[in-house]
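What follows is the residue order along each chain.
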Amino acid sequence: MTVNDVLTVHGGTPLHGRIRVRGAKNLISKAMVAALLGDAPSRLYDVPRIRDVEVVRGLLELHGVRVSDGAEDGELVLDPANVASATSDEINVHAGSSRIPILFCGPLLHRLGHAFIPDLGGCHIGPRPIDFHIQALRQFGALVDKAPEGMHLTAPNGLHGTKLELPYPSVGATEQVLLTAVMAEGVTELRNAAVEPEIIDLICVLQKMGAIIKVHTDRVIEIQGVPRLGGYTHRPIPDRIEAASWAAAALATGGDIEVLGAEQVDMMTFLNVFRSVGGAYEVTDMRPPRAGSPGQEGKIRFWHPGGELKAVALETDVHPGFMTDWQQPLVVALTQARGLSIVHETVYEQRLGYTEALNSMGATIQVYRDCLGGTPCRFGRRDFKHSAVIAGPSKLHAADLVIPDLRAGFSHLIAALAAEGTSRVYGVDLINRGYEDFEAKLAALGAHAERA
Ligand code: EPU
């Protein structure tokens with residue numbers, strides 16, 4: 001953290017205005033990795049300027065992929081014509097900066113026959129193991145050697161299709177299997193796969209490249225390996241986590257925010273909860289241009305309609321459940337709802353630590369080890385504080401806050417904007433990992449915030 005990595009936030013002003021979200025962070029980075037598999041350039045639109053994209057770009061460039069900006073704002077061209085090995089020292093420059101490097105395993109094994117993966121980073125929201133990834137790679141025939149400086153992989157006999165069943169529908173492990181299976185010899189059957197919209201969009205990317213992937217019912221994905229893949233041209237799904245974060249900011253501050261680019265279909269579960277809490281929204285569908293009509297950008301307007309917000313009980317879950325990444329921003333709005341709200345976090349075992357900061361601002365949030373308000377989850381028997389009871393409404397007051405991770409960081413920011421008085425939010429640069437131009441967007445929404 002640097003001395004400038006502090007935002008002074010003068011809270012108490014409702015956010016009003018419009019901002020735009022671009023392609024989903026959790027698809028863009030994976031689509032960039034997929035470009036490694038092709039034998040022709042790929043073109044990706046709507047790429048936000050966020051740190052995670054820079055990290056993946058850096059890693060791709062190290063491996064010989066030429067990455068350049070296209071003619072349209074947010075367009076990236078990725079040319080894998082000269083894929084080459086990089087040294088572990090070069091790769092290690094990116095150690096600890098993101099979790100995406102783990103997804104380079106399959107593509108690098110296909111292209112180079114070996115891979116080195118640095119120590120991973122990403123948000124500190126629990127242990128975040130990679131055992132499903134390693135198990136899957138071994139089943140494809142990879143030899144995985146874990147060393148203190150990172151992970152070395154080879155595939156002396158090539159990679160072969162296999163039958164796999166994930167112990168839990170992990171997003172990353174499903175992507176690992178997809179990115180490896182598409183060019184493995186033979187058929188791969190993946191059971192208990194994650195089916196988040198970002199994964200379906202990655203499947204669309206791979207299909208454009210020439211892959212054969214069937215998504216069956218009941219979380220079963222079947223991939224028929226092909227010997228070569230080409231490039232793709234893709235416009236990604238919008239960032240539904242960012243859209244929900246601004247929606248929560250509108251509700252918590254008593255404001256009104258139009259999120260250009262947001263789409264209803266992948267936010268249905270969020271919209272149901274938003275309405276149950278007492279928030280209002282209006283969807284405007286995207287309309288493509290036709291002869292004589294210019295077309296229209298899709299958007300969702302979110303606002304606080306006045307009156308009291310209502311407490312809710314919710315449980316985070318894999319798709320189509322309520323996303324774990326929607327939880328932290330929404331909890332700030334729940335501190336303003338009358339009654340007892342219950343949040344049962346079932347995706348990550350330690351994603352409620354940030355509630356302490358909200359309590360320091362006047363919120364009343366108690367965390368529990370039990371599985372509250374829903375079905376028992378994997379963490380109930382393992383002594384993790386993964387349920388929260390939020391009593392409201394509470395008047396929030398200013399505080400000095402230190403940002404712990406990306407989504408919790410955004411929730412701290414919302415809390416500071418909703419609170420009376422001047423807060424200092426330390427470590428705000430972390431928010432740039434996943435929210436493009438968030439300070440410019442805050443200014444556009446009338447927030448009073450300045451550096452240091
Ligand atoms: N898990 C294991 N072993 C593994 C992999 C996962 O036990 O090998 C467990 C995790 O510990 C966790 C659960 O499975 O308890 C789900 O993890 P998952 O693999 O689905 O998460 P991920 O792929 O690491 C992505 C997003 C996260 C998002 C989750 C869940 C990216 C880069 N990250 O993480 O997004 O919360 O899926 O939807 O796509 C964020 O954007 O801030 C973020 C953290």
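In this text the structure is predicted, and so the values were computed from the model without any measurement. (Residues numbered from 1 in each chain as written. Predicted model: local features only at pLDDT ≥ 70, side-chain atom pairs only at ≥ 80, totals over all residues. Heavy atoms only, no water.)

1. Regarding the packing of helix H1 (residues 25–34) against helix H2 (residues 51–62)
Think of two packed helices as two axes; the pair is described by the angle between the axes and how far apart they sit. Between H1 and H2, whose axes approach to 10 Å, the crossing angle comes to 5 degrees. In this view, H1 runs roughly parallel relative to H2, as classed from their interaxial angle. Contacts between H1 and H2 involve Lys 25, Ile 28, Ser 29, Met 32 and Val 33 on the former and, on the latter, Asp 52, Val 53, Val 56, Arg 57 and Leu 60. Class assignment of the residues belonging to the contact of H1 with H2 gives a composition of six nonpolar, one polar and three charged. (Axes fitted to C-alpha atoms, helices over the stretch in contact; angles between N-to-C directions. Helix = DSSP H or I, 4+ residues; strand = E, 2+ residues; numbered from the N terminus. Parallel < 35°, antiparallel > 145°, perpendicular 65-115°, else oblique. Contact = heavy atoms within 4.5 Å. Nonpolar A, V, L, I, M, F, W, Y, C, P; charged D, E, K, R; others polar.)

2. Structural notes on the packing of aromatic side chains
Any pair of aromatic rings gets described here by the distance separating the centres and the angle formed by the planes. Per the stated rule, a full pass over the model turns up nine aromatic pairs. Plain terms: the ring middles of Phe 270 and Phe 302 are 6.4 Å apart, the flat faces sit at 75 degrees to each other, and that makes the pair edge-to-face. You can see Phe 270 sitting in helix H9 (residues 268–277) and its partner Phe 302 sitting in strand S16 (residues 299–303), a full 32 residues away along the chain. For the pair shown, Phe 270 and Phe 302 are each scored as buried. Centroid distance Phe 379 to Phe 384: 6.2 Å. Interplanar angle 85 degrees. Geometry classified as edge-to-face. Per residue, the accessibility class of Phe 379 equals that of Phe 384, and both read buried. Through pairs of rings, three or more aromatic residues link up here, namely Phe 270, Phe 274, Phe 302, Phe 322 and Trp 326. (Phe/Tyr/Trp six-rings, centres within 6.5 Å; stacked < 30°, edge-to-face > 60°. Buried < 20%, exposed > 50% of the residue type's maximum accessible area, 1.4 Å probe, protein only.)

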